[in-house]
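Structural overview
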Amino acid sequence: MAADIDLKAAINAVSDVVQNRPRPIREFDQIYMKTGDMVMQSEFVANWANGKRLAFIGDGDSISVCVAYLHARKIVDYGPSMITVFDFDERIVGAINRFADRERLENLRAVLYNCIEALPPTKDFECFYTNPPWGASNNGSSVNLFVQRGIEAVRYQGEGMIVIADDEELDWPAEVLYQVQSFASERGFFVSRMMPRLHTYHLDDAPDLRSCNLVIKSRPGNPIGPESVSIGDGERLDNFYGRDAQLRVKYVREKKRLDYGRANESEYEFEIVEREEEE
Ligand SMILES: C[S@@+](CC[C@H](N)C(=O)[O-])C[C@H]1O[C@@H](n2cnc3c(N)ncnc32)[C@H](O)[C@@H]1O
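Reading the values: the criteria
Residues numbered from 1 in each chain as written. Predicted model: local features only at pLDDT ≥ 70, side-chain atom pairs only at ≥ 80, totals over all residues. Helix = DSSP H or I, 4+ residues; strand = E, 2+ residues; numbered from the N terminus. Rg over C-alpha atoms; globule rule 2.2 N^0.38 Å. Buried ≥ 20, exposed ≤ 12 C-beta atoms within 10 Å, placed from the backbone. Contact = placed C-beta atoms within 7 Å. Near = placed C-beta within 6 Å. Nonpolar A, V, L, I, M, F, W, Y, C, P; charged D, E, K, R; others polar. Pairing = 2+ DSSP bridges. Axes fitted to C-alpha atoms, helices over the stretch in contact; angles between N-to-C directions. Core = buried A, V, L, I, M, F, W, Y, C linked by C-beta atoms within 7 Å. Parallel < 35°, antiparallel > 145°, perpendicular 65-115°, else oblique. Left-handed = near helix turned anticlockwise from the far one by under 90°. Expected span 1.5 Å × (residues − 1).

Turning to the overall build of the chain, a few remarks are in order. The number of helices and strands found in the chain is 6 helices and 7 strands. Helices (α) and strands (β) of the chain occur, in sequence order from the N terminus, as α-α-β-α-β-α-β-β-α-β-α-β-β. Computed over its C-alpha atoms, the radius of gyration of the chain comes to 20 Å, within 12% of the 19 Å expected for a compact globule of 279 residues. Every one of the 279 residues in the chain was classed for burial, and the buried ones make up 42%. Pairs at least 24 apart in sequence give 76% of the contacts found in the chain among residues at least 6 apart.

Time to look at the site of the ligand. In the vicinity of the ligand there are 22 residues, among which Gly58, Gly60, Phe88, Asp89 and Cys115 approach most closely. Here the shell around the ligand is built from residues that sort into 12 nonpolar, 5 polar and 5 charged.

This part is about the sheet that holds strand E3 (residues 108-112). Strand order in the open sheet formed by 7 strands is E3-E2-E1-E4-E5-E7-E6, with mixed pairing between adjacent strands. Unpaired on one side and paired on the other, E3 and strand E6 (189-199) mark the two borders of the sheet. Neighbouring strand axes in the sheet, compared pairwise and without regard to direction, differ in orientation by 20 degrees on average. As paired elements, strand E4 (residues 127-130) and strand E5 (residues 159-166) share 4 bridges and run parallel to each other. Across the sheet, residue tyrosine 129 finds its bridge partner in E5, namely methionine 161.

Bringing the nonpolar core into the picture now. As a rule of thumb, nonpolar side chains are buried together in soluble globular proteins. Core analysis: the biggest nonpolar cluster contains 67 residues, and Cys66, Leu70, Ile96, Phe128, Ile164 and Val180 have the highest contact counts within it. For this core, the leading source of residues is helix H3 (residues 63-72), giving 7 residues. Residues in contact with phenylalanine 128, not counting those within four places in the same chain, are Leu54, Ala55, Ile57, Gly150, Ala153, Val154 and Gly160.

The next thing to look at is the packing of helix H5 (residues 141-153) against helix H6 (residues 172-186). For the pair H5 and H6, the least separation of the axes is 10 Å and the interaxial angle reads 30 degrees. Judged by the angle between their axes, H5 and H6 are roughly parallel. At the point where H5 passes H6, the crossing takes the right-handed sense. Contact residues: Val143, Asn144 and Val147 in H5; Val176, Gln179, Val180, Phe183 and Ala184 in H6. The class makeup of the residues in the contact of H5 with H6 is 6 nonpolar, 2 polar and no charged.

With 14 residues, helix H2 (residues 35-48) extends 20 Å from end C-alpha to end C-alpha; this agrees with the ideal 20 Å at 1.5 Å per step. Taken together, the buried positions of H2 are occupied by Met38, Val39, Gln41, Ser42, Glu43, Val45 and Ala46. For H2, the elements touching its buried residues are helix H1 (7-19), H3, E4, E5 and E6.

Owing to its 3.6 residues per turn, the α-helix aligns residues three or four sequence positions apart on the same side. Helix length check: H5, at 13 residues, gives a terminal C-alpha distance of 18 Å against a target of 18 Å (1.5 Å per residue), a fit within 8%. Across the 13 residues that make up H5, a large majority, 13, are buried. Taken from the residues just after H5, arginine 155 is the one with a positive phi, measuring 55 degrees.

Moving on to the environment of glycine 94. Structurally, the position occupied by glycine 94 is in helix H4 (residues 90-102). Along the primary structure glycine 94 and aspartate 16 are separated by 78 residues, whereas in three dimensions their C-alpha atoms are 16 Å apart. Apart from the residues lying within four places of it in its own chain, the contact partners of glycine 94 are Glu254 and Arg257.

A few words now on the packing of H1 against H2. A pair of packed helices can be characterised by two numbers: the angle between their axes and the separation between those axes. The geometry of H1 relative to H2 is characterised by a closest axis approach of 10 Å and an angle of 110 degrees between their N-to-C directions. With respect to H2, the element H1 is oriented roughly perpendicular. When you trace H1 past H2, the crossing you get is right-handed. Every residue of H2 that contacts H1 at Ala10, Ile11, Val14 and Val18 is listed here: Thr35, Met38, Val39 and Ser42. Looking at side-chain class alone, the contact of H1 with H2 contains 6 nonpolar, 2 polar and no charged residues.

Attention now moves to the pairing of strand E7 (residues 210-218). Looking at chain direction, E5 and E7 are connected through 8 bridges and run antiparallel. Along E7, the bridge assignment pairs methionine 161 with valine 215. Summarising the sheet, E6 and E7 pair through 7 bridges and their orientation is antiparallel. Counterpart to histidine 199 in the pairing with E7 is serine 211.

Written out as structure tokens, the structure reads:
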């Protein structure tokens, strides 16, 4: 992290963002990054994407919001010129857009989108960021669907940051890293940087599992690739969110607008202090 950053101000800003995040749905691999790692990661992303148009393919963590907010609050004096988040969870999309409205983050917006659909026509992006489902049970095909959408967002010319599992003890993260690098390479991208075992998560069944930043970049003169199209019922949907967890939900709909920083009334009730009646 750059030495001249006010760490207390940065942690407090990220704390505002964490307070605004909907609770994670484990079934869809929404597993949030720990706050200290979010601070470091957001500063790194702000620097990496400085002055560029950045697409997030999924962002339960809210790194997009941290990046925009740290910049707007002048805690870091660099950041992307525009950020668009594509996520299938309306709670996440709504929370990001409400935060952006409240804090007047004019260059941040989120849209409802499922990766199985063709990417909507948008402004050309120069870089993408994704922390996808990690593909433990499908050899990384779920990661590669998110990566494909990221590569389409930059039209095969630009950079991407892919945040996926990285562990020295387990075989599956290494296999997924191999599959993702092959997939990117077939599309004209090379690994420009790999930051191993960097982030930790609120993941009760594997608290030590970390992720890396796999940064990819298109080779010089990489041709613009085919247009984005929806995918059919292919094998990429099997074991998408883990063993026997197929991708079958199109959108997670928000039932009721919640103030995520406050306890929901369904979580508690009051037991009233008993007092003797005065005569
Ligand atoms: C799968 S989680 C990965 C863990 C990550 N730390 C997080 O919680 O953001 C990443 C994001 O992808 C979104 N997501 C999951 N399936 C999706 C899909 N089919 N299309 C678009 N977004 C999806 C989730 O809502 C979440 O915000």
